[in-house]
Structures are given as C-alpha cells and as structure tokens.
Amino acid sequence: LSLTGDLLAASPGAGKFQFDGDNQSGAATFSAFTGATVPEVGELAPANAVTAAELSELLAWNGQEGGFNNTEQSGPPTDFERESLATWQGANSRPMTGLILTADLQALRDAARAAKAKAGWTAIGDPAHGWSAGYPATLLPVASRAGAEQRFASADGRAVLVIAIEPARSSEAFDALVEQETADRAGVEDRGYTRVNGDMEIAFTEKGVRRAVAYHNREDGFARVEFTYPAGSETYQPFETLLTRSLRVARDFKAQ
C-alpha cells in the first residue's frame, strides 16, 4: 500500500492511495494531530521512554521473540523492534500500529516484572568488562563455578545453564567452531542457527536433550551461554531464548 500526499504540510489535506500489483487506487484524506494522543489509538510514550534493547527484552518476556540481533541496541527502537511490537499488539487485540503507546509500554513492563519475579530472575555480569546476563533462580537454584564457567542447575540436575567468559578466539578458530556446530550428524533434530559476524546462536535436540547456545566473539574476549534441558519440557522451553539472549556484550567487552 502506497500513500501519497503533502504530509509535511501543516494541514496535509488531500492525497491518494495505491495498492501495488492490482491497480486499485483512490483518493485519501490526511489530517494532522497535535499533542501526544493519536486519535482512536492512544497516547504516545515519550521519545526516550524505552531503548531498543529494553523493548526487545520486554517483548521477549511477553512471549514475542524477535530475530537474532548482534547490535548493541543502546539507541531508540528501530523498525526491527517496532515490527515485533506490532505483532504483539495484534495478538493482544490492540491496534497493530508499531507505535509505542504509554498504555502498551506499561502493560509490557508490568507483565515482564511479574514474570521475572515468579522466575526469581537474577541479574549477573561484570559492567567493568562490558557484559551482563541473568538466570531464573527459582528454576535453577544450584549455583557453582568451574574455571571460566558459571553454572546454574535445577534441583534434579536435568536443566543446566552455563555462562562462560573466555579469551577471544581468532577468526579462523571461530569459523571452525561454527562449522563444528552446524555439521550434519545423526540424531540431531529441530536445528536452527543464525550467524552474524562474530555472533552466533544455535539450538537443536539430540538424544532427548534440548541444547541452545549463543556465542559472542570480540577482539578482547569470547562469551558463551549454553542452556540444556529435557526436550519438550513446558517448564524450561519458555526460557530457551530468554536465557541465550540475556547474555549481552558491549563494544568494549573484555574477558579480563
């Protein structure tokens, strides 16, 4: 759908619409609105109300997963996050606009806060070295450390989260890791993966165990998060993407 008109005018007025491909077109009338309220939609949140990273996280906690993104996301929401927001709005009987509305943002934050509290979500990381992550302490209460690895396991040991901060790998070494992880082998099911430069996420099922991993290779460090749990578990499956994407590394990330 193409809309044409003098939209920069104080009173936009007349224009036209055109549906590409089927030759349908006609007159359109545009009207400007002032203030923060969009007629029949709602009040717009202030421009600095939420960053791209926070909106992406809020949507994930509300069951709307976006695609894998390796940018730092410290700026305002982009079309990438707004498209996910529009999908969430449509699924929740809201106008599917992608506009960040005060009421929608509050609903997202309230639901995410409640879900985090129920899971006992605990933030971890090292701001001085440029990385952060988190884990659900209610589900994974057994914490331990083995070398560079921090481990968080369920009481029965069947679900395990590993977060490791290690020395950087060369480009060749990271390429070799990607080839190893994506190579075909018997018994692997439901595998999907995405690589963007030095970042990669991959998830698959093997021998009844679901394994989800994300890697972040930078000039001064290598970060890894790995979550394994019984395949098909309704308890742990909702946390698969939340956990792998909770590990964030900054541009100045350093292992030491």
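So, here's what we can say about the structure. These numbers were taken from a predicted model, which means no experiment stands behind them.

A few words now on unusual backbone geometry. Not every positive phi belongs to a glycine, and N197 is a case in point at roughly 55°. A relative accessible area of 60% means that N197 is categorised as exposed. With a phi angle near 55°, K207 is a residue other than glycine that sits in the positive phi range. Inspection of the secondary structure assignment puts K207 in the loop between strand 12 (199-206) and strand 13 (209-218). Residue classification places K207 among the exposed positions, given a relative accessible area of 80%.

What follows concerns the pattern of salt bridges. Counted under the stated rule, the structure contains 17 salt bridges. In this structure, D175 engages R195 in a salt bridge whose closest nitrogen and oxygen atoms are separated by 2.9 Å. Here R195 lies in strand 11 (residues 188-196) and D175 lies in helix 4 (residues 171-182), a separation of 20 residues in the sequence. Using a relative accessible area of 31% as the deciding quantity, one classes D175 as partly exposed.

What follows is about the environment of F227. Structurally, the position occupied by F227 is in strand 14 (residues 221-230). As for F227 and A27, which are separated by 200 residues in sequence, their C-alpha atoms are 54 Å apart.

Overall, the coordinates contain nine aromatic pairs when judged by the stated rule. Centroid distance W61 to F239: 6.1 Å. Interplanar angle 80°. Geometry classified as edge-to-face. Taken as a pair, W61 in helix 1 (residues 52-61) and F239 in the loop between strand 14 and helix 5 (240-246) lie far apart in primary sequence, 178 residues in all. For W61, a relative accessible area of 11% corresponds to the buried category. Given a relative accessible area of 11%, F239 falls into the buried group. Measuring from ring centre to ring centre gives 6.4 Å for F227 and Y236, while their planes differ by 70°; the resulting arrangement is edge-to-face.

Spatially, 8-9-10-14-13-12-11 is the arrangement adopted by the seven strands of the open sheet, whose pairing is antiparallel. This sheet does not close on itself; its edge strands, each paired only once, are strand 8 (142-146) and strand 11. Strand-to-strand twist across the sheet, computed as the mean angle between neighbouring axes with direction ignored, equals 10°. Here strand 9 (residues 149-153) runs beside strand 10 (residues 160-166); their pairing, made up of five bridges, is antiparallel. The residue bridging E149 from the neighbouring strand is A164, located in strand 10. In the packing of helix 4 onto the sheet, the strands contacted are strand 11, strand 12, strand 13 and strand 14, and the crossing angle to strand 12 comes to about 25°.

Further remarks concern the packing of helix 1 against helix 2 (residues 79-91). In contact at an axis separation of 10 Å, helix 1 and helix 2 are set at 30° when each is read in the N-to-C sense. In terms of axis orientation, helix 1 runs roughly parallel to helix 2. The two elements helix 1 and helix 2 cross, and the hand of that crossing is left-handed. Taking contact as the criterion, the partners of A52, L55, S56 and L59 in helix 1 are, on helix 2, E81, S84, L85 and W88.

Attention now moves to helix 2. Helical geometry: 3.6 residues make up each α-helical turn, so side chains three or four residues apart lie on a common side. The end-to-end C-alpha distance of helix 2 is 18 Å, a good match for the 18 Å that 13 residues give at a rise of 1.5 Å each. Those residues of helix 2 that fall on the buried side of the exposure criterion are E81, S84, L85, A86, W88 and Q89. Close packing links the buried residues of helix 2 with helix 1 and helix 3 (102-119).

Basis of the calculations
Throughout this description, residue numbers start from 1 for each chain and increase along the sequence as written. Under the rules for a predicted model, residues below a pLDDT of 70 receive no local features and side-chain atom pairs below 80 are neither given nor counted, while totals for whole chains, interfaces and linings still include all residues. Working from all heavy atoms in the structure, the side-chain values ignore hydrogens and water. Relative accessibility thresholds used throughout: buried, under 20% of the residue-type maximum; exposed, over 50%; partly exposed, between the two (1.4 Å probe, protein chains only). Strands are runs of DSSP state E lasting at least 2 residues, helices are runs of H or I lasting at least 4, and numbering of each runs from the N terminus. Salt bridges are counted wherever a side-chain nitrogen of Lys or Arg sits within 4 Å of a carboxyl oxygen of Asp or Glu. What counts as a ring pair is set by centres within 6.5 Å for rings of Phe, Tyr and Trp (its six-membered ring), and what kind of pair is set by the plane angle: stacked under 30 degrees, edge-to-face over 60, tilted for all other angles. Only strands that DSSP links by at least two bridges are regarded as paired with each other. Axis angles are defined between N-to-C directions and span 0 to 180 degrees, where every axis is a line fitted to C-alpha atoms and, for a helix, only to the segment in contact. We call two residues contacting when some pair of their heavy atoms lies within 4.5 Å. Here the angle decides the label: under 35 degrees means roughly parallel, over 145 means roughly antiparallel, 65 to 115 means roughly perpendicular, and every other value means oblique. Crossings are sorted by hand: turned counterclockwise from the far helix by less than a right angle, the near helix makes the crossing left-handed, and turned clockwise it makes it right-handed. Expected helix span is taken as 1.5 Å per residue step, with the number of steps being one fewer than the number of residues.

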